[in-house]
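These are the residues of each chain, in order.
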Amino acid sequence: IACPCAMGLAVPAALTVAVGRGAQLGILFKGGEALERLAHLDAVVLDKTGTLTVGRPVLAGVHPLPGHAENDLLRMASAAEERSNHPLAHAVVDAARARDLVWLPAEDVQILPGRGLIAKVKGHNCLLGNEALFHEFLIPLPGGIAPAEPGVTRLWMALDSVPAGYFDARDALRPDAAEAIGALRRAGLRVLMLTGDSAAAAAPIAEQAGITEVEAGLDPAGKLARIRALQSAAPARRGGADGLRVAMVGDGINDAAALAQADAGIAMGTGADLAQEAGDVLLLRAQPSAIPAALDLARSTVRVMRQNLVWAAAYNLLGIPLAAGAFYPSFHILLTPWLAAAAMALSSVCVLANSLRLRGWRPAR
C-alpha cells in the first residue's frame, strides 16, 4: 500500500504530456524546469521588431544629402548591409533589388549590435546605423532635417565620417499582437516593450498593441540592465524582496543576453539562431498569440501536477493507516492484501489519467 509510484509519477507524467502537447501546438519547452518557471511570472517584456511587428520593414524613403545621388546611396548601403541579418538591412537590400541595382561586395564588414555596422565600400569607410552610432563616432547629424514620422525607423549613413543621407523604413504590427497583449494583461501580468528603435518609431506600435510601458533606444546591454532592474524590484502584491519574475520575448541577436538573463526566455522561431539558443521556450509560430498560450499551458500543467501530488499524498495518508489496521479496533475495517494491491495500481492510474487530460488542452479563444 505504501508503494510511492503515484508520488513519483505526479510531476514527470504531467510534464511529459504537457511538453508533447506544446510541441503539437508549435511551443517547444526546453525541459520541465523551463515550463515551471513560465507558470510563475509577474511581468512579460517584449522586443518590438520581429516580435510585435512583422519584422520585414519596407523602405519608405531614400534621402541623400547634397552631393549624393539616391541610387548611388542605396547601392552602397546595400553592399554594406547585404551580409547583415537585421530587418532594416533586409529593407535596404530589398529596395535596391526592386530597382535592379547591382553592387560589388563590401569589405571589412563589422556588425555593432544595437547600433548598426561599419564597412569598406568602393574605397570609402561606410557607416550605417542609428543616431547613437553617429554620436559614438563623433559624426554630427546634419541640421534642418525633419524628425522621422511616427512609426518610422530612421537609418543614418555616413561616408568617410561625413553624413551622406538617411533611409526611412516602416514596419507593421502583427495582426494578433493587440489580442495577445490583452490576454497577458487579463492574466495579471505586467507588460513592457524594450526596443533599440527610436521613441518615435516605438510609440505608435506600442499604442496599437496596447502597451503603456515603453523604453526605446536600448542596445543589448541596456536591455540586459533593464531585465536585471525588473528582477530586483519587489512587487507590492507579493510584499517580498525577491523581485519580479520576468519573461523576455525576442527574436534577434540583440535580445540574446536579455533572453538568457530573464527567468523565462521566449524566442521566436523565425529569429536568429543565437536568440533561439538563449531562450527557454521556442515558439515555432511567429505569432504573439502563442505567448499567452504558452503561459496558459504552463499554468495548467502546474495545476495538474499539484492535483497529482495532493491525490498521491492523500492516498498514502489514508491507505497506510487502513492497511496497518488502525481502524480495525473501532470500526472493524481492515484492508486485505489484494485490495491494497488494487488500490496501489489505481492510485498510479489516477495520476496518469489526470495528466493525460493535458493532451486535450487548447488555448483559450
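Now for a description of the structure that goes with this document. Per chain, the residues get numbers from 1 upward, laid out in the order the sequence is written. Where local features are concerned, this predicted model is filtered to residues with pLDDT of at least 70; where side-chain atom pairs are given and counted, the filter is 80 or more; whole-chain, interface and lining totals use all residues. The side-chain quantities take in all heavy atoms of the structure and omit both hydrogens and water.

## Here we look at the environment of V93
Defined as follows: Under the DSSP-based scheme used, a helix requires at least four consecutive residues in state H or I and a strand at least two consecutive residues in state E, with every element numbered from the N terminus. Whether a residue is buried, partly exposed or exposed follows from its accessible area with a 1.4 Å probe, protein chains only, as a fraction of its type maximum: under 20%, in between, or over 50%, in that order. Two residues form a contact once any of their heavy atoms are found within 4.5 Å.
Inspection of the secondary structure puts V93 in helix α4 (residues 87-98). With relative accessibility at 7%, the residue V93 sits in the buried group. Sequence spacing of V93 and I1 is 92 residues, and the spatial spacing of their C-alpha atoms is 70 Å. Beyond its immediate chain neighbours, meaning those up to four positions away, V93 contacts S78, E81, E82 and W103.

## Observations regarding helix α13 (residues 337-356)
Our working definition: Multiply 1.5 Å by the residue count of a helix minus one, and that product is the helix's expected span. In this description, the arc belongs to the directions extending from the helix axis to the C-beta atoms.
Across its 20 residues, α13 extends 29 Å between first and last C-alpha, which sits within 8% of the 28 Å expected from 1.5 Å per residue. Taken residue by residue, α13 has A340, S347, S348, V351, N354 and S355 as its buried positions. With its buried residues spanning 135° around the axis, α13 presents them on a single face. Elements in contact with the buried residues of α13: α1 (5-24) and α11 (290-323).

## Observations regarding the sheet that holds strand β8 (residues 162-170)
Selection rule: Strand pairing requires that DSSP identify at least two bridges connecting the strands. For helices, the fitted axis covers only the stretch in contact; all axes are lines through C-alpha atoms, and the angles between them, taken along N-to-C directions, range from 0 to 180 degrees.
A sheet is described by the order of its strands in space; here 6 strands give the open sequence β3-β8-β7-β6-β5-β4, paired in antiparallel fashion. Strands at the two margins of the open sheet, each flanked by one partner only, are β3 (58-64) and β4 (107-112). The sheet shows a mean angle of 15° between the axes of neighbouring strands, taken without regard to direction. Across 4 bridges, β4 lies against strand β5 (residues 116-121) in antiparallel orientation. Paired with Q110 across the bridge in β5 is I118. Taken strand by strand, helix α3 (residues 70-81) contacts β3, β4, β5, β6 (124-129), β7 (152-159) and β8, and its axis lies near 120° from that of β3. Across the sheet, α4 is in contact with β3, β7 and β8; its angle to β3 comes to roughly 75°.

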